[in-house]
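# Inside the fold
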Amino acid sequence: MYEFEFETPATVAEAVAALAEEEAQALGGGQTLIPTLKQRLAMPSKLVSLAGIAEMKGVSIADGVLTIGGGATHADVAAEACPPLAALAAGIGDPAVRNRGTIGGSLANNDPAADYPAAMLALKSTIVTDRREIAGDDFFQGLFETALDEGEIITGVRCDIPEAAHYQKFDQPASRFALVGVFVAKYADGVRVGVTGASEEGAFRWREAEAALSASFAPDALEGLSLDAGSMMGDLHGSKDYRAHLVAVMTKRAVAAIS
Amino acid sequence: MPKDNPNSGGIGASPKRREDVRFLTGAGNYTDDINVHGQAHVHFLRADVAHATINSIDTSAAEAMPGVVKIFTGADFAEVGGIPCGWGVTDRHGDPQQEPRHPIIADGTIRHVGEIVAAVVANTLEQARDAAEAIDLDLGDKPAVVDMAAALAEGSTKVHEDLTSNLCYDWVFGNDDDTAVQAAFDSAAHVTTLELVNNRLVANPMEPRVAIGEYSRGTDEYTLHTTSQNPHVIRLLMCAFVLGLPEHKVRVVAPDVGGGFGSKIFHYAEEAFCTHAAKACGRAVKWTSTRSEAFISDAHGRDHVSKIELALDADNNFTALRTNTMANMGAYLSTFSTSVPSYLHGTLMAGNYKTPIVQVNVKTVFTNTVPVDAYRGAGRPEATYQLERVIDKAARELGADPIALRRQNFITQFPYETPVALTYDTGDYVATMDKLEQVADVAGFAARRAASEAKGKLRGFGVNCYIEACGIAPSNIVGMLGARAGLYDAATVRVNATGSISVFVGAHSHGQGHETSFPQVVAEMIGIDESMVDIVHGDTGRVPFGMGTYGSRSIAVCGSAMVRATEKIIAKAKKIAAHLMEASDADIELKDGQFTVAGTDKSVAWGDVTLTAYVPHNYPLEELEPGLEETAFYDPANFTYPAGAYACEVEVDPDTGKVSIERFSAADDFGNIINPMIVDGQVHGGLGQGIGQALLENAAYDADGQLLSASFMDYAMPRADDVPFYQVDHSCQTPCTHNPLGVKGCGEAGAIGSPPAVVNAVVDALQSAGQDVTHIDMPLSPARVWAAMNG
Ligand SMILES: Cc1cc2nc3c(=O)[nH]c(=O)nc-3n(C[C@H](O)[C@H](O)[C@H](O)COP(=O)(O)OP(=O)(O)OC[C@H]3O[C@@H](n4cnc5c(N)ncnc54)[C@H](O)[C@@H]3O)c2cc1C
């Protein structure tokens, strides 16, 4: 690690002020950032810990809307969110990671193999920041890229609670991040399918599958649908073809788990 | 035989591992726990390219950085020896292996990612890292040599310019008459051929390597604390070959060591560096490897590419076996590297079978990758994998039952001299196979397969046998085979005045439970409580010269030395008892810690005798020296031959290719067993590593020599939920015929015997669904299995 200053603001306003300094960076649970610092791959002048900000904590459900504080840990979400999202959070990393890592940190990081982005795309989410609200559909902008500005803090997310939903994850054997993860959410006005782990462009909605499932919500409805393998990621753990295939299998399994 | 009461002491009982109390309660003393007053820290600047010329290296800016004590480059070690290779293999033409210089710090050329380019010693580790970033390196890139076949091709870039090629040696073993071997294949009724890869692995012990060098100006003595499986070997190699120091001035201590699996046998550059730098800097120098460094600086394991051919007659008898292997050495020869693909591999190629003709061809190859050396099993897993896979394929091609085909070809007469230089002293492969069929419930497989199929899963059953040569090693035999050292071991039994005992052993325990099992033996021999016996290990300043722990040798070799030393103790103690009771020592019997004059009720206790030995009055000094301390060295007459049969049952998800192991059964013959619980644990651990190799682990390089799986994000270690609950049985016991305990060793069996069973089972599962898949290279990741199924 290189040397850095450390601040522990108690409010979002204080955090925003602290982050105004050039080269200052927010610290959530540190489950991505701390390893990066240890490897000397980042050199912030100041770390602004969000861990002590009470207004960024908590998970609540009211009027069909799920609200999660940007500082809620994966363990908080696993314990208190609606079942499909709770199950997703319970499948992130190990207990140590879940007790530190936060949903705000995960979304800001937008790792192409992270789990939450699939859910945020499927759950009609709104990402709430210190200065605005961003529709989930507009938030993820490719690998590790988001709509966030410099110093902008995710203070929370809101999701419309669906009639039914299920997240189907296929683990990358080493990291156990998602080799492919598919979140299927069924709403009265249609079905949404968020996919993570697969595409070279990061998390995406599989619109063809959404249309087919909105017409007929059954695994069979997906028969014959396939993704263009060319735009998938290919690496040590799975070829492009394999990932394209897995998206279809995981989608079917998610639908089967619901219906 | 296991004792009925596990709390009873002695041989065959299962007392809990006494060392675990300190390991599990945070009271262990690992090398990184040690901090020496005034120590400095070293950070190694490591190569991030695989092959390059070092045009220049400018450390001046770095030297001016805060806290820097001294910066070392290759030039500082020009006068120092290179790291030696402990085994010289003679090739098929009678020539020695090509042996490049293995510098402590790269001397003008970088030959693998991770090689040390410079070493920065500073007051703190962060200061050392800061300064390392200020070192200015000018490199001239060279093409990386990664693929073994390409490395051997005419005109390939050479890893070492001063060698004639990238070939280390071209070796033939067994029947070296090519014409006769070919004739056996020409006249065969059936020949099965298989090409396969034994995947490269990273050992990844829980504790990464650590070294602390100290130098005392007052006494001109050095101390090296290091994470080693064999401190005496490190001292010998480092003093005699690298630093040129007299051994009596150097003490090497390996305190608690958190796993080795082979990777901590070898003498590493960092150990010699810290020792040398301690004097040069006038400060103790400490290095603790990060996990990232471990991936690119610990010796890797396996990495063979083989073609194996098996010839059978019309009655399915094996008539000839021929293998051709390329084995990766990496960029330099690590301590045991050249013995692994030759003598630890070729000698096992007969397996459990009476194949009359066996020919083993091995080419070892230099590449721009991390050096490759012994990893749990070392050569024997590679042999077993080839043999047991090709037998399985042959059974399939012939429509034969894989178990029956093996049984038909088993060696049944002992001693048995193989065509590949070994003489198996004893064994009973029929018995272990009988036991396996029972433990694995072979009869119930059909029903289990039907149940899996009802869930949409494919179920497969795979079996294999294994044999290993352990108790490494009979010095005269390995000497003929090229070992540059004898491989005996030693123990000193020191009895204290009040009867407690410290046994100083050359073996080193880093997970094997010696601190529990060794005392069981001594306690049984004397008839005292185990709590009165401790072992001392891991410190050249305290223990006699011994070769350490690897090759499942500790109880078979060092344990035998301990038995011999204890026998000497008992003989002398009887003399003292005879003196105390005014009898002849020939009439003294020792039972339950009591010395009795045979046929009388006269007796003295162990404690009376030991006290007399040290604080004698009225002692026959002319006939008997006081004191009760004896040392014995033991050199085995032969290897030991643990053997057994393993079975694996898998479910394969046909939609994703994911394999899950549903059952794994092991029937082992380890000869006599000291502590059955510890043996179970050793087998479990070995199986975990074998299953890891078969399904998960893979050290993959890209064409530029970059390690793609250089962290746990991409290198898949087996986790608890990757392995099943094992059925392990070691009730088949044919005691070793040539060591005093009749023991064979159990540390590597699981890792040797499990990969072929897993792969055989997966192939069986796919075939059950009509898939024409005859082989998949390890690791059988979901992606690879799916690709095999989808052509
Ligand atoms: C062993 C291990 C296993 C893991 N497995 C999984 C897995 O299976 N699935 C998965 O999805 N993830 C996994 N992760 C990643 C984990 O979920 C991280 O917690 C997450 O990616 C980052 O969250 P964090 O709170 O730790 O953020 P940090 O590491 O603190 O920060 C990450 C980035 O986000 C920024 N940031 C943090 N909080 C905010 C905020 N509120 N607003 C704006 N920017 C912010 C930081 O500045 C930094 O750039 C794993 C991590 C580890 C170490």
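These figures come from a predicted structure and were not determined experimentally. (Residues numbered from 1 in each chain as written. Chains lettered and ligands numbered in written order. Predicted model: local features only at pLDDT ≥ 70, side-chain atom pairs only at ≥ 80, totals over all residues. Heavy atoms only, no water.)

What follows concerns the sheet that holds strand β25 (residues 594–597) of chain B. Residues and elements named next belong to chain B. With respect to topology, 3 strands assemble into an open sheet ordered β24-β25-β26, the strand pairing being antiparallel. Strand pairing shows two members of the sheet lacking a second neighbour, β24 (588–591) and β26 (603–605), which therefore form its edges. On average, each strand axis in the sheet is inclined to that of its neighbour by 25°, with strand direction left out of account. As defined by bridge partners, β24 adjoins β25 across 4 bridges and the pair is classed as antiparallel. (Pairing = 2+ DSSP bridges. Helix = DSSP H or I, 4+ residues; strand = E, 2+ residues; numbered from the N terminus. Axes fitted to C-alpha atoms, helices over the stretch in contact; angles between N-to-C directions.)

Our focus in this paragraph is the interface of chain A and chain B. Facing the 22 residues of chain A at the interface are 24 residues of chain B. Summed over both sides, the interface of chain A with chain B buries roughly 1,900 Å², with 51% coming from carbon and sulfur. Three residues, Arg40, Arg176 and Leu236 of chain A, lead the burial of chain A against chain B; their summed loss comes to 30% of the area buried on that side. One salt bridge in this structure joins Arg176 of chain A and Asp721 of chain B, with 2.9 Å as the shortest N-O distance. Counting across the interface, chain A meets chain B through 17 residue pairs in polar contact (both at pLDDT 80 or more). (Contact = heavy atoms within 4.5 Å. Buried area = accessible area lost by both parts, 1.4 Å probe. Salt bridge = Lys/Arg side-chain N within 4 Å of Asp/Glu carboxyl O. Polar contact = N/O pair within 3.5 Å; in protein donor to acceptor, adjacent residues only side chain to side chain.)

Under the defined criterion, the tally for this structure stands at 60 salt bridges over all chains. Of the charged contacts, one joins Arg205 of chain A and Asp137 of chain A as a salt bridge, the two residues approaching to 2.8 Å between their closest N and O atoms. With Arg205 of chain A in strand β12 (residues 204–205) and Asp137 of chain A in helix α8 (residues 136–139), this pair connects stretches of sequence that are 68 residues apart. Accessibility expressed as a relative area gives 16% for Arg205 of chain A, which makes it buried. Residue classification places Asp137 of chain A among the partly exposed positions, given a relative accessible area of 37%. The salt bridge partner of Lys286 of chain B is Asp32 of chain B, with a shortest N-O separation of 3.3 Å. Here the residue Lys286 of chain B occupies a position in strand β13 (residues 285–288), and Asp32 of chain B occupies one in the loop between α1 (19–24) and β1 (40–46), the gap between them amounting to 254 residues. Salt bridges sharing common partners tie together Asp441, Arg448, Lys455, Arg459, Glu649, Glu651 and Arg663 of chain B. (Buried < 20%, exposed > 50% of the residue type's maximum accessible area, 1.4 Å probe, protein only.)

Residues and elements named next belong to chain A. Close to the ligand lie 29 residues, the nearest being Ala26, Gly29, Gly30, Leu33 and Thr102. With respect to the ligand, the backbone of Gln31 contributes an N or O atom lying 2.8 Å from an oxygen atom. At a separation of 3.2 Å, an oxygen atom of the ligand approaches a polar backbone atom of Arg176. Out of a free accessible area of 960 Å², the ligand has 88% covered by protein chains. Among the secondary structure elements, those contributing two or more residues to the shell around the ligand are β2 (24–27) and α6 (103–109). Ranked by the residues each element gives to the shell around the ligand, the list is headed by α6, at 4 residues. When the residues that make up the shell around the ligand are grouped by side-chain class, the tally is 12 nonpolar, 13 polar and 4 charged. (Near = heavy atom within 4 Å. Areas by Shrake-Rupley, 256 points an atom, 1.4 Å probe, with all protein chains shown as cover. Nonpolar A, V, L, I, M, F, W, Y, C, P; charged D, E, K, R; others polar.)

A word on the pairing of strand β20 (residues 458–467) of chain B. Residue and element names in this part refer to chain B. In terms of residue burial, β20 counts as a mostly covered element, since 10 of its 10 residues are buried. Of the two faces of β20, both are covered, the one formed by Leu458, Gly460, Gly462, Asn464 and Tyr466 as well as the one formed by Arg459, Phe461, Val463, Cys465 and Ile467. The sheet contact formed by β20 and strand β28 (residues 643–652) spans 10 bridges and is antiparallel. Note that in β28 the partner of Cys465 across the bridge is Ala645.

Geometric descriptors of this kind do not, in isolation, establish any biological role.
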